[in-house]
Amino acid sequence: MSQPEPETYTFDFYKETAEIVAESSDELRIKIGEFAGPLDLLLFLIRQEQANIFDIPIARITDEYLRFIRLMKTLDIAVAADFLVMAATLIEIKSKMLLPRDPNAATEADELDDPRQELVDRLLEYEKYKSAAQMLYEKTTLEQAVFSRGKIESDDENAEVSATVFDLLTVFQKIVARRAEEIKMEIHREEISLADMIKDLRRRILEAGEVSLLAFFEEMHSRRELVTAFIAALEIVRTETVKLVQKKTFGDVILRKV
Amino acid sequence: MSEAVEEALEDAPKPTRDLSELVAVVEALIFVADEPITTKLLADVLDEDKQAAEAAVEQLRQEYEARESGLQIRVIAGGWQIATRTEFHEEVRKFLRTRPSAKLSLAALETLAVIAYKQPVTVPEILEIRGVQSASAIKTLLDKRLIVAKGRKETVGRPMQYGTSKDFLIQFGLKDLTELPSIEDFEDLVS
Amino acid sequence: MSEAVEEALEDAPKPTRDLSELVAVVEALIFVADEPITTKLLADVLDEDKQAAEAAVEQLRQEYEARESGLQIRVIAGGWQIATRTEFHEEVRKFLRTRPSAKLSLAALETLAVIAYKQPVTVPEILEIRGVQSASAIKTLLDKRLIVAKGRKETVGRPMQYGTSKDFLIQFGLKDLTELPSIEDFEDLVS
């Protein structure tokens, strides 16, 4: 698949799920929908490369994945952290694959030790639910062709809401919020620029040797600041001698001075 | 649908439905309508002549009569409607009375939410939180046995305190009160 | 209903309805019910055996099939319901001026699939399978009443568990959860 710059991606789960188009040569944004998560993106890349899921060309896929992440500047932040975790996982697998194999180890044990194995298992497990989601989508589409009766008189006698515990909580929260409205206070915070964010992060990594990404993100006060923090982290990994380390799957990602 | 397509459809010949098909689709439309539906509206929606629509409804009405069903097709307020037959009103009324009802008005639901999360709580305290009088909602909740009196509060006027009942736990599928979702459970979801 | 009344009813002779009368009254009740009505509830309201009610509904269902009506009798979410036939969806939609309701996002559908197959399931367990935070998807599913809280898991932090609701069955046209294909069936599709 050779596509000229600017890059344009489309993919089709059911129609209209994700399409990433270039608005200008250097600014890309998500037009419709989004990848449902890092595993979804990974499956897309593997398919795009026409690679075998049981023998993932990890170096190529990792490069593609990181390139993609850089493009997704305007990505929703809650998702971004998970995408970064996956980036760290891929980098870790890639580096393990580069390690010379122990010549004394038996071939069979080697296969068991394939650093890609855990990821493949997760992808296969995930893909089952992705297919199940597609099945649900088809069912609900079919069901939308069936209609139940219109309102009749006796319905009005019962025109009340049927409540669940979730309703209790949301209703309670709304009441509390309604009261809090009266004592609302606006707190304005100064927005920090990307350059300052990068400077600050760089200084902290140099001073402490490492910085927890999660802790760094948690300090942010607004969605905007989070976006800036996320881009700053990507920039630092790209331009500085800093690497992403993850101690265990789903664990925190650490930015560490090399 | 683009305008061009719509125009093309308007010029298109009338749909060719035979009577039985027309009767069936007329039945579906009367069934989903919230209010009695006129023959003219039926004809318009189906792109049929008014006479054809008229004939179809009449055919449908006769079929309902002939098969001695529990339902009837009737004219009311100038339109057609499906309704239960009068012979079965006793059973219908009995069903409507006994149907399970975990349903609450919004006022009752709000009051119940406050009582569930703040129990034991007095009427003045509920007023303080909701900002509106809750007397009739409290009566409804007591009638439905969702709340119970929990003794008096040792304060000025010794107001009665309320809390949720065992029936409340059963109706909301809770083992005990600790199973009520907390604000923390939904903090991420609601933000 | 008080115990005395119940006993009186039990001693009372069963009502003497012939099958066609029973079919008709069952039709009336399914029609007025605002959600799918179970065979048991039908039998209770009519003071009939469950088998008799069952036979009547089945008879009714076959009659609807045979007369090629615009409507169908079907089982959904464990109960009986009258609904339009799929063939007429275009005309019905045109009449109601509705579009197919907003699609769930990919993330919400995936989360729903995990919850449907793994229920009761906690938020961290969903994260493990999807590899991504699912909070906003869960919020959407709760708002749409497709999922409900199912108590707490007795583990560290006692996290809330989720499962699918009756509305889920209704909106996805399922009789019950066993109608879902087994998750292992999707393995073959995985390349």
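Coordinates for the structure precede this section.
Topic: the nonpolar core
Within soluble globular proteins, side chains that are nonpolar tend to cluster in buried spots.
Here comes step 1: With 63 residues, the main nonpolar core has Leu136 of chain A, Leu112, Phe168 and Phe172 of chain B together with Leu112, Tyr117 and Phe168 of chain C as its most contacted residues.
Here comes step 2: Per-element tally for this core: the top contributor is helix α6 (residues 106-118) of chain C, with 8 residues.
Here comes step 3: Every residue in contact with Leu136 of chain A, bar those within four places of it in the chain, is listed here: Leu109, Leu112, Ala113, Phe168, Phe172 and Leu180 of chain C.
Here comes step 4: If you look at the next biggest cluster of nonpolar residues, it comprises 59 residues, including Leu46 of chain B together with Ala53, Leu71 and Val92 of chain C.

Some thoughts on the sheet that holds strand β3 (residues 121-122) of chain C
Residue and element names in this part refer to chain C.
Here comes step 1: The strand order β3-β5-β4 describes an open sheet built from 3 strands, whose pairing is antiparallel. On the outer flanks of this sheet lie β3 and β4 (147-152), each paired with one strand and no other.
Here comes step 2: Pairing of β3 with strand β5 (residues 160-164) involves 2 bridges; the strand directions are antiparallel. Bridging across to β5, Val121 finds its partner in Tyr162.
Here comes step 3: Across the sheet, α6 touches β3, β4 and β5, and the angle it forms with β5 is around 95°.
Here comes step 4: Lying on the sheet, helix α8 (residues 135-143) is in contact with β4 and β5; it crosses β4 at an angle near 110°.

Comments concerning the interface of chain A and chain C
Here comes step 1: Across the boundary between the two partners, chain A contributes 49 residues, which contact 59 residues of chain C.
Here comes step 2: Across the chain A to chain C interface the summed buried area is about 4,300 Å²; carbon plus sulfur atoms make up 64%.
Here comes step 3: Looking at the side of chain A facing chain C, the largest losses of area belong to Lys128, Tyr129 and Phe147 of chain A, adding up to 18% of the total buried there.
Here comes step 4: Between chain A and chain C we count 3 salt bridges in total.
Here comes step 5: As a salt-bridge pair, Arg74 of chain C and Glu143 of chain A come within 2.6 Å of each other at their nearest N and O atoms.
Here comes step 6: Put simply, the parts of the chain that give the side of chain A that touches chain C at least two residues each are α1 (38-48), α3 (77-98), α5 (117-143), α6 (153-156) and α7 (165-180) of chain A.
Here comes step 7: A per-element tally of the side of chain A that touches chain C places α5 of chain A first, with 18 residues.
Here comes step 8: For the side of chain A that touches chain C, the class distribution of residues is 25 nonpolar, 10 polar and 14 charged.

Section: the pattern of salt bridges
Here comes step 1: Summed over the entire model, instances satisfying the criterion amount to 40 salt bridges over all chains.
Here comes step 2: Residues Glu27 of chain B and Arg67 of chain C are paired through a salt bridge, measuring 3.2 Å at the closest nitrogen-oxygen approach. Highlighted residues: Glu27 of chain B in helix α2 (residues 19-32) and Arg67 of chain C in the loop between α4 (50-66) and β1 (71-76), drawn from two different chains.
Here comes step 3: Classification of Glu27 of chain B as buried rests on a relative accessible area of 1%.
Here comes step 4: Among the ionic contacts, a cluster of salt bridges with common partners joins Glu125 and Lys128 of chain A together with Glu184 and Glu187 of chain C.

Looking at the interface of chain B and chain C
Here comes step 1: Between chain B and chain C, the contact holds 46 residues from the first and 43 residues from the second.
Here comes step 2: Buried area between chain B and chain C, both sides added, is near 3,700 Å², and the carbon and sulfur share of it is 66%.
Here comes step 3: Counting every contact that joins chain B to chain C gives 6 salt bridges.
Here comes step 4: The tally of links between chain B and chain C comes to 14 residue pairs in polar contact (both at pLDDT 80 or more).
Here comes step 5: Elements with a contribution of two residues or more to the side of chain B that touches chain C: α2, α3 (39-46), α4 (50-66), β2 (79-84), α5 (89-98) and α10 (183-190) of chain B.
Here comes step 6: Looking at the side of chain B that touches chain C, the element that brings in the most residues is α2 of chain B, giving 8 residues.
Here comes step 7: Of the residues that constitute the side of chain B that touches chain C, the class distribution is 24 nonpolar, 6 polar and 16 charged.

Overview of the sheet that holds strand β5 (residues 147-152) of chain B
All names here are of chain B.
Here comes step 1: Strand order across the open sheet formed by 3 strands is β4-β6-β5, with antiparallel pairing between neighbours. Two strands bound the open sheet, and with one partner strand each, they are β4 (121-122) and β5.
Here comes step 2: Where β5 meets strand β6 (residues 160-164), 4 bridges bridge the pair, whose relative direction is antiparallel. Bridge pairing in β6 links Ile147 to Thr164.
Here comes step 3: Sheet strands touched by helix α8 (residues 135-143): β5 and β6. Its angle to β5, the strand with the most contacts, is close to 110°.

Cut-offs and rules
- Residues numbered from 1 in each chain as written.
- Chains lettered and ligands numbered in written order.
- Predicted model: local features only at pLDDT ≥ 70, side-chain atom pairs only at ≥ 80, totals over all residues.
- Heavy atoms only, no water.
- Core = buried A, V, L, I, M, F, W, Y, C linked by side-chain atoms within 4.5 Å.
- Buried < 20%, exposed > 50% of the residue type's maximum accessible area, 1.4 Å probe, protein only.
- Helix = DSSP H or I, 4+ residues; strand = E, 2+ residues; numbered from the N terminus.
- Contact = heavy atoms within 4.5 Å.
- Pairing = 2+ DSSP bridges.
- Axes fitted to C-alpha atoms, helices over the stretch in contact; angles between N-to-C directions.
- Buried area = accessible area lost by both parts, 1.4 Å probe.
- Salt bridge = Lys/Arg side-chain N within 4 Å of Asp/Glu carboxyl O.
- Nonpolar A, V, L, I, M, F, W, Y, C, P; charged D, E, K, R; others polar.
- Polar contact = N/O pair within 3.5 Å; in protein donor to acceptor, adjacent residues only side chain to side chain.

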